[in-house]
Structures are given as structure tokens and as C-alpha cells.
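Descriptive analysis of the structure
So you can see what is in the structure, the chains are spelled out below.
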Amino acid sequence: MARWALISGLRGDLEAYEAIQTDLRHTRRVDTLFVLGDVIGPERECNALLERLQQPRRGDLQPHCLYGWWEEQLLAERGYRGGRRADALRLSQGEAAVDALLQAVDPAHMNWLAALQFGFIELDCALLHGSSAAVDDSLGPDSSPLLLLDRLTRMDVNRLFTARSGQQFRLELSGGGIGSQVRDLEGQRQHQQSVPQRQVIGIGAGVHYTIYDPGSDRLDFFIAGTKPKQRARGFA
Amino acid sequence: MAHAVISCLHANLAALEAVLADIDQQGIDTITCLGDLVGYGPQPNEVVNLVRERQIPTCQGCWDEDIIEGLNACDCSYPSQLAERRGQLAHQWTADQLSEENRAFLASLPMSLWRDRQLFVHGSPNSQHEYLLPDMDAFAALERVESAGAETLFCGHTHRPYVRELRDGSIRVRVRQTPGEPAGVAEAEDRELRLPLRRIINAGSVGEPRHGNTHATYVIHHEDTNAVEIREVPYDVERTCRAIVDAGLPPIFAWRLRHGFEYAERADDASHVCER
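These notes cover the structure that comes with them. Keep in mind that this is a model prediction, so the values were computed, not measured. (Residues numbered from 1 in each chain as written. Chains lettered and ligands numbered in written order. Predicted model: local features only at pLDDT ≥ 70, side-chain atom pairs only at ≥ 80, totals over all residues.)

A few points about the overall build of chain B
Let me state the cut-off plainly: What counts as a helix is a DSSP run of H or I of at least four residues, what counts as a strand is a run of E of at least two, and both are numbered from the N terminus. Exposed residues have 12 or fewer other C-beta atoms within 10 Å of their own C-beta, buried residues have 20 or more, and residues in between are partly exposed; the C-beta atoms are placed from the backbone. By the criterion used throughout, residues are in contact when their C-beta atoms, derived from the backbone, lie within 7 Å.
Check the secondary structure of chain B and you find 8 helices and 10 strands. Considering chain B as a whole, with its 276 residues, one finds that 48% of them fall into the buried category. Contacts in chain B between residues far apart in sequence, at least 24 positions, make up 76% of those at least 6 positions apart.

Below, the structure is given as C-alpha cells:
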């Protein structure tokens, strides 16, 4: 079965993207590349990376891209989100960051950015920048398990791949349950529900990327441009 | 002390009068309303006037919001195009009828009300449009209460009254991370979250019951014992049905009041939250 590479948080860094593509080409036996958003950012000019994503070079894995938090901010500021503007960015980092983001992306790329999807559903997996609740939902290994279970339940998936936190982690819901008692005009009934065997996976950001084999459920975390300390590490 | 909670009045004056009389008869003077004062029914101004006269603390329902903000729900809200057209017709009729003063009142309503750790909302803490049905996933239901920081959540919107207790919950997780390590072997860490006891109390509907009976429903919360009573109140259904037909509203609104079943304009997927 196909192996997936999942990346995010490049924020205009073409060198990081090239390092990942080189890794994938030479060593990883991957045939599908998912880019879970934040391909743009205010720190550097993003046009070269955007062009590369839209027009891959020979030998590049074709990227399947979603929009992330930074794309959402730019799309809002450029008027692609109705009356909303980049309020979250303005509030958290100030007007200068909004200006820098506008400068970092040529308006010619806006239609491509506006056509990006919120998420992908592949097999029993949801691939999202944040979560099923929102693009800015930052899920991490310390997030409440109740909240993580809710985010899985909303999409009705067994694996949720998320990028917003920038962290690499695998969190398995491994057990537990809850009792529920409902009383209405028809009477009273009780129900015991078990925690489903589901997982939330943080894929990392920048040169930190993730390989997933949906056939075996094996997951590996990598850093582009570095040799693994030993082969075949990871966890299935 | 006893406290009455009413919801989904839907411009049905006869039903509201009957419910308020039932509350008065029991000597209860604390009432909270969970919204949807208008929509479907033939007396929007009369119902809003009565809520204002009685000074009932009220949060905003989805119909109240739509009247103020305009009908901007996505096309998920109705099970069919016919139902959608009927809903739009009722929306337009209500918007035309409502006085400026009552429109301003609806616009002033808060999304939620708090009393100690009791939270009062129309649909859910996330949205006025989200249905918390009695058989929804128990963990998701608990998440709605817990994420809002409440112990007891009072809601409406489903038009079916119920009391749900979520207890003895726990979630075990196994976390593996490799911070900064290239595919390093990850040590697993096991954790367990014990979940608190929480309650969801749905007040049903005064003006458009959908629980299989024509009686108006509401709930009484006895705060000293924490007991909850689900009340059914008969009212003059024919009076409202005649007013619906006389107003030129779709006759199916009267027909379903006479039956009390869910033939109403509810989305097929009740767990869907409208993206607006």
C-alpha cells in the first residue's frame, strides 16, 4: 500500500522543502505527499516555494496541499473570507506582521491559495492543519484526551493527523469508558460506552516531517537532511 | 428553590400562556428562557412582548439570530428543498411582522447565561445551531459541558426534553514523542484522565413539541435536591393552528402541532454544525 509523507509549516522555506523532497526521493519509498498548510509566513518571501508547489520539478513528489493558519490569515486580509480580516494575526503579532505577510506573497498566487481545501479524508484518516473544529485548533500531546476524542468523533475517523502545534507525537486512546443515563418522557435508559481505539498524530513542522504507512499503521518521524541514528525506527 | 427553564417558544402564544400559568401555579418565580421566541408560529410580537413583560432572562436562539442577522445558514439546515422553502417563508413572514422594538430586543439577547456553574444555551456552547440529542456520543456530549466550564448544561433546540447524566468516565492514552530526534525510538507514556460527573438538561419545547405528543414541555430544576422534573402542559392547540392558517403560514406547521411528531424542518444529520 502507498506510504504517505506529511509535512507542514514550511512558511516560505524552499530549502527545507527541497531537503524533504531529496529525502523522500532517495530513501523513503513514499508515493504520496501531503502538505498540511502553513506553506506561507511573514518571515521571508514565499513566491519561489509557491511556484514550486504549483509546478513541481521532475522527480518531485506531487504535493497535495491544504490551507493552514497563515493562509487563512492572508486569505481573510485579501478579502477572500467575506467581512473577516486577519484579526487573529493582527491581535497576536501586530500590524507589522500583517504587512509582512502581504509583502511575502505575490497576489498572483491568491487564486491557488483560495482553492486549497480545509482537510482531506483518506481511508479512515483525517488530514488537517488544526482540527475538525478549526484551522487554528492546536492539538498536542498535552491536550485534554476528552477534547482529542471529540475532534476524532466530529470527523468519524480513526486517525487524525494535525500540524498546528508543530510537534511530532502519536497519542493513542488506549482504554476507558463512560456511563450515560438518559431520562425522558418515555422512561429511563442506561448506556455504557467504551473509548474507541483511535489516534491523534502530530506531524511536525518545517524540516520535521512524518511518514505513515496506512497498511501497517507504522509511523516514523524524520528530520530532513539528517541521517537516522538507526534504521527502521519508529512505532507501528 | 425551584427554577423553571423554558425553550423554543416559536411564536405560539397559547402554549406560552399555558406554560407560564403552570409555572405560576406552582409558586415558581425564577424562570430562564433558552431562546427561539419566534419562527414557525403566528404570534411573534405577542410572545416577545410577554417574555419582556415577565422580564424572563433569555438567551438567543437560532431563529432569533436569523431574524437579526439574516437567513445565512448553509443549505444543511433542512431535510428537503420543500422544507427549506417553508422555512424561508416563515422567516420572511416573521421578519415582516416583528416590530422594531422587538427586533432590537432579540438582537440584545446574549448567547448564553450563567448561574453559578449552570450554563444556559439554546443549542450547545459551540453554536445555537448544534443539536445535543439525547443519544449523541457520550464523550462528545461531556466535552460540550466540560469545555464550557459548566457542571450542568441547560439547552433546547431539539424540541425533545430529557435529562442526561454522564458519570464514571475515564480515558486512558499512550503518548509517544520524539522531540528533536530523527526517528528516535520513542518511549511510551501512559496517562489516565478521570472524567467528572456532568449533566445535560434539555428543556424541550413550549411552542412546537416534537416528542410524540401535542403538549408543551419544559423543565423544573429543584436546586435544593438537584432533582429535575419534565413537565407536559396541555394547551389550546386549535387556537394556534387556526392562527397559523389565518396568517397565511404553511398549513403543515398547524398539521404537525396537532400531531406533535418530528416532521419538522430538521437537518438529516443532527450532529452537523452549520458553517456560517
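Side note on the sheet that holds strand β1 (residues 2–6) of chain B
Residue and element names in this part refer to chain B. Heads up, the condition is: In this analysis, strands are considered paired if DSSP registers two or more bridges between them. Every angle, taken between N-to-C directions, lies between 0 and 180 degrees, and every axis is a line fitted to C-alpha atoms, over only the stretch in contact when it is a helix.
Spatial ordering of the open sheet is given by β2-β1-β9-β10, a layout of 4 strands whose pairing is mixed. On the outer flanks of this sheet lie β2 (31–33) and β10 (227–233), each paired with one strand and no other. Taken pair by pair, the neighbouring strands of this sheet meet at an average axis angle of 25°, ignoring direction. Relative to strand β9 (residues 216–222), β1 runs antiparallel, the two being bridged by 4 bridges. Looking across to β9, one finds that H3 is bridged to H221.

Remarks on helix α8 (residues 251–259) of chain B
All names here are of chain B. Basically, it comes down to this: For this quantity, the arc is that covered by the directions from the helix axis to the C-beta atoms.
Considered for burial, the residues of α8 that qualify are F253, A254, R256 and L257. The buried residues of α8 occupy one face: seen down the axis, they fall within an arc of 165°. With respect to the buried face of α8, the exposed residues turned more than 90 degrees away are P251 and R258. Next to the buried residues of α8 lie α7 (237–247).

Examining the environment of S138 of chain A
Residues and elements named next belong to chain A. Within the secondary structure, S138 is located in the loop between β5 (125–128) and α7 (145–155). Counting along the chain gives 26 residues from S138 to R164, while the straight-line C-alpha distance between them is 5.1 Å. Contacts of S138, omitting those with residues within four sequence positions, involve G130, R164 and S165.

Quick notes on the packing of helix α3 (residues 69–77) of chain A against helix α5 (residues 95–104) of chain A
All names here are of chain A. Our working definition: These descriptions rest on fixed angle ranges, namely under 35 degrees for roughly parallel, over 145 for roughly antiparallel, 65 to 115 for roughly perpendicular, and the rest for oblique. By the convention adopted, Pro, Cys, Tyr, Trp, Phe, Met, Ile, Leu, Val and Ala count as nonpolar, Lys, Arg, Asp and Glu as charged, and the other residues, Gly among them, as polar.
Interhelical geometry of α3 versus α5 gives an angle of 90° and a closest axis separation of 10 Å. For the element pair α3 / α5, the angle class is roughly perpendicular. Only V98, L101 and L102 of α5 make contact with α3, whose side of the interface consists of W70, Q73, L74 and E77. Residue composition of the contact of α3 with α5, grouped by class: 5 nonpolar, 1 polar and 1 charged.

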